[in-house]
Amino acid sequence: MSDWHWLFGDQLGPHFLTPRAHGPAPNTPVLMIESRSVFRRRRYHRAKAHLLLSAMRHRAAELGDRVRYVRAETYTAALRDTVGDAPLTVHHPTSRAAHAFVTAVPTVRVLPARGFLLPGEAFRSWAAGREKLRHEDFYRWARRELDLLMDGGEPAGGRWNHDKANREPPPKDARTLGAPAPYRPHEDDIDEEVRADLDRWEREEGIVFVGRDGPRLFPASRREALAALHRFIEHRLPGFGPHEDSVLAHDPVMSHSLLSSSLNLGLLDPAEVVSAAEQAWRDGRAPVRSAEGFVRQIAGWREFVWHLYWYFGEDYRHRNALGHHTPPPDWFLELDADAVTARCLSTALRQVRDTGWTHHIPRLMLLGSHALQQGWDPRAVTDWFHRCFVDGYDWVMLPNVIGMSQYADGGLMTTKPYTSAGAYIHRMSDLCGGCAYRPSDRTGDRACPYTTGYWSFVHRHRARLAANPRTARAAQGLERLDDVQDVLRTHHRQTRTPP
Ligand SMILES: Cc1cc2nc3c(=O)[nH]c(=O)nc-3n(C[C@H](O)[C@H](O)[C@H](O)COP(=O)(O)OP(=O)(O)OC[C@H]3O[C@@H](n4cnc5c(N)ncnc54)[C@H](O)[C@@H]3O)c2cc1C
Ligand code: SF4
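Residues numbered from 1 in each chain as written. Chains lettered and ligands numbered in written order. Predicted model: local features only at pLDDT ≥ 70, side-chain atom pairs only at ≥ 80, totals over all residues. Heavy atoms only, no water.

### Considering the packing of helix α8 (residues 222-236) against helix α10 (residues 270-282)
At a minimum axis separation of 10 Å, α8 and α10 run at an interaxial angle of 25 degrees. Judged by the inter-axis angle, α8 sits roughly parallel to α10. Note on packing geometry: the crossing formed by α8 with α10 is right-handed. Residues R222, L226, L229 and I233 of α8 touch α10, and the partners they reach there are E272, V273, A276, A277 and A280. (Axes fitted to C-alpha atoms, helices over the stretch in contact; angles between N-to-C directions. Helix = DSSP H or I, 4+ residues; strand = E, 2+ residues; numbered from the N terminus. Parallel < 35°, antiparallel > 145°, perpendicular 65-115°, else oblique. Left-handed = near helix turned anticlockwise from the far one by under 90°. Contact = heavy atoms within 4.5 Å.)

Next up, the structure:
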């Protein structure tokens, strides 16, 4: 028996308190700690700080007398002053730092992780002895283990993978995808109190944020998160998939679910989310390519990333296989979208500044790709993503940025670096039309910074790329360029100011 159960700020749904094996006993008093030092140490997006504090305070309000909600400078101070030497349980925290902290407190007993679909031991047995850990292999294994979208031993709908059908460019001449609007919450008294506190921290406590804290866009309570899930499954899931990889200047959300912050705050259990998507397909309310495409994101990518975070070990965050050491410039760190001329980059940066969110492709092929082409330090880039995105946490950032986006792990997670010249962005978005640059130009005043950046990247890493069958063509392409030195000079010139 424990006297207390501690809920971290990303353990906010009912599944963190339901009495199951390895859970807190019913009615155990709950401790929640709002630590200011977290915000003092790093410069977070203000909308992210707002969402986190609002979600924690909404949960405390739901739990009523059962919770002791402590506002303190540090966790250590809060534990000392509130529970003293009383025994305490906590579900496995999601970061290595928090895990190290709780395991070092003698009175704390750590319970298994919740908020993910598969236990760590199952992943380790799957991974054991494999030379390469590939997402597609993991995903198929996970579907079988979870009996998810399966008909007996076969994938429901006849295919494991609908990626080919889900890589369409945006519809021609459409400003938006025309998907039904996503759920958006209404702020309440708790948000008002959070805003006042954040204003005071900035004014009196020297805590500094980045980005704009406009109306709260993401759920902060279980009720709001369920409403967002319902709206997505009933109205937006059927359109999920085909245009997943494309970008529209005037439609930042397209058919994406906007559920990442709710999942990562623990407001939604991924099991309920994937089973709602499967049911929608079984009931004929969504096509299989949409249901599979969505389930793949959660039972595949999200779950894979979570397990890799623990599997790759502590030194994964220090990987820098490409030897990139340039610090990101101030305009990027400050989210100064107005300083940027390149329409695609300025659009993505503006979305981050104003909302703390962009969908996957701006993260990977605009923000991340630019950082990779410029040779920015992968740790600094990871830190930036972590602080600036409402859904950013250590566990999800490290594999996505160090691995997927910056290739700093040298290919442990992906088979090739994700970066492209302007032609790909032109094909997959409507951004180039109104841009001062031309995607096909690699020299001169209108040279596209993604095109020059791409060739500079290929040139810098030509030996490595030539040795990888998936990128050998890029290295061969470089040999065919007759103006390489001009392109490199143009790129160099462009790096002196925001592109
Ligand atoms: C550089 C980079 C940084 C990223 N940082 C984060 C992050 O901090 N937090 C985060 O949750 N996702 C991150 N992602 C993954 C993905 O971009 C976001 O999960 C997604 O854009 C969130 O929007 P959505 O909820 O509308 O997603 P949808 O497109 O609707 O996808 C559904 C869900 O799948 C999950 N998902 C899909 N891909 C991933 C992935 N690669 N890793 C983890 N979950 C995934 C998310 O929970 C998401 O809500 C990152 C990707 C890249 C390339
Ligand atoms: S031309 Fe280049 S910089 Fe401009 S929007 Fe297209 S890809 Fe981006």
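### Some points on the domain arrangement of the protein chain
What the domain assignment lists for the protein chain is domain 1 (4-111), domain 2 (120-183 + 219-311) and domain 3 (317-494). The gap between the C-alpha centroids of domain 1 and domain 2 is 28 Å. In this complex, domain 1 contributes 20 residues to the contact, which on the side of domain 2 involves 14 residues. Summed over both partners, the interface of domain 1 with domain 2 buries about 1300 Å², with 63% contributed by carbon and sulfur atoms. In terms of surface lost to domain 2, no three residues of domain 1 exceed H15, L51 and R96, which account for 37% of the buried area on that side. Counting across the domain 1 and domain 2 interface gives 0 salt bridges. (Domains from an automatic or database assignment. Buried area = accessible area lost by both parts, 1.4 Å probe. Salt bridge = Lys/Arg side-chain N within 4 Å of Asp/Glu carboxyl O.)

### Considering the layout of surface pockets
Over the atoms, a rolled probe matching the size of one water molecule traces out where space is still vacant. Quantified by volume, the second largest pocket comes out at close to 870 Å³. Surrounding the second largest pocket, 36 residues form its lining, V38, R41, Y44, Y75 and S95 being those nearest its centre. Going through the elements one at a time, β2 (30-35), α1 (37-41), α2 (46-63), α3 (75-82) and α4 (96-104) are the ones with two or more residues in the lining of the second largest pocket. The dominant element in the lining of the second largest pocket, judged by the number of residues it contributes, is α2, at 5 residues. For the lining of the second largest pocket, the two domains that each supply at least three residues are domain 1 (4-111) and domain 3 (317-494). (1 Å grid on protein atoms, 1.4 Å probe; cavity = no way out; pocket = protein on both sides within 12 Å on 5 of 7 lines; lining within 4 Å. Points joined across faces, edges and corners; volume = space filled by probe spheres on them.)

### Focus on the pairing of β2
Most of β2 is tucked away, with 6 of its 6 residues classed as buried. Alternating residues of β2 divide into V30, M32 and E34 and L31, I33 and S35, and every residue in both groups is buried. Across 3 bridges, strand β1 (residues 4-7) lies against β2 in parallel orientation. Looking across to β2, one finds that L7 is bridged to M32. Relative to strand β3 (residues 67-72), β2 is paired through 6 bridges, and the arrangement is parallel. (Buried < 20%, exposed > 50% of the residue type's maximum accessible area, 1.4 Å probe, protein only. Pairing = 2+ DSSP bridges.)

### Digging into the sheet that holds β2
Ordered by their spatial adjacency, 5 strands build an open sheet running β3-β2-β1-β4-β5, and the pairing between neighbours is parallel. Edge positions in the open sheet fall to β3 and β5 (108-111), since each of these has one partner strand only. The sheet shows a mean angle of 30 degrees between the axes of neighbouring strands, direction not considered. Relative to β5, strand β4 (residues 88-91) runs parallel, the two being bridged by 4 bridges. Among the inter-strand pairings, H91 is bridged to a residue of β5, identified as L111. The strands that α2 touches are β1, β2 and β3; relative to β2, the one it contacts most, it runs at about 155 degrees.

### With respect to unusual backbone geometry
One non-glycine residue, N27, lies in positive phi territory at about 70 degrees. Inspection of the secondary structure assignment puts N27 in the loop between β1 and β2. For N27, a relative accessible area of 64% translates into the label exposed. With a phi close to 55 degrees, L335 is a non-glycine residue in the positive phi region. Counting through the fold element by element, L335 comes out in the loop between α12 (330-333) and α13 (343-355). Given the relative accessible area of 1%, L335 is considered buried.

### Examining the site of ligand 1
Looking at ligand 1, there are 29 residues lining it, with H256, S257, L258, N264 and M397 nearest. Residue W357 places a side-chain N or O atom 3.1 Å away from an oxygen atom belonging to ligand 1. The separation between a nitrogen atom of ligand 1 and a polar main-chain atom of D391 is 2.9 Å. For ligand 1, whose free accessible area comes to 810 Å², the fraction covered by protein is 99%. When residues of the shell around ligand 1 are traced back to their parent elements, those giving at least two are α9 (260-264), α11 (288-311), α14 (360-374) and α16 (394-405). (Near = heavy atom within 4 Å. Polar contact = N/O pair within 3.5 Å; in protein donor to acceptor, adjacent residues only side chain to side chain. Areas by Shrake-Rupley, 256 points an atom, 1.4 Å probe, with all protein chains shown as cover.)

### Details of the pattern of salt bridges
Enumeration over the complete set of coordinates arrives at 45 salt bridges. E314 is the salt-bridge partner of R317, the closest N and O atoms lying 3.2 Å from each other. What makes R317 buried here is its relative accessible area of 14%. E314 sits in the partly exposed class, given a relative accessible area of 40%.

### Observations concerning helix α6 (residues 135-146)
Between its first and last C-alpha atoms α6 spans 16 Å; for 12 residues at 1.5 Å apiece the expected length is 16 Å, and the two agree. Those residues of α6 not exposed but buried are H135, F138, Y139, W141, A142 and R143. Those residues of α6 that are buried lie in contact with α5 (120-127), β6 (150-151), β7 (154-155) and α11. Once α6 ends, the next one or two residues include D147, with phi positive near 50 degrees. (Expected span 1.5 Å × (residues − 1).)

### Quick notes on the packing of aromatic side chains
Applying the stated criterion across every chain, the model contains 34 aromatic pairs. Each ring, one from F123 and one from Y311, has its centre 5.6 Å from the other, and the planes form 80 degrees; the classification is edge-to-face. Of this pair, F123 sits in helix α5 while Y311 sits in helix α11, and the two are 188 residues apart along the sequence. Overall, F123 belongs to the buried group, its relative accessible area being 1%. For Y311, a relative accessible area of 36% translates into the label partly exposed. Aromatic pair W306 and W310: ring centres 5.7 Å apart, planes at 75 degrees, arrangement edge-to-face. (Phe/Tyr/Trp six-rings, centres within 6.5 Å; stacked < 30°, edge-to-face > 60°.)

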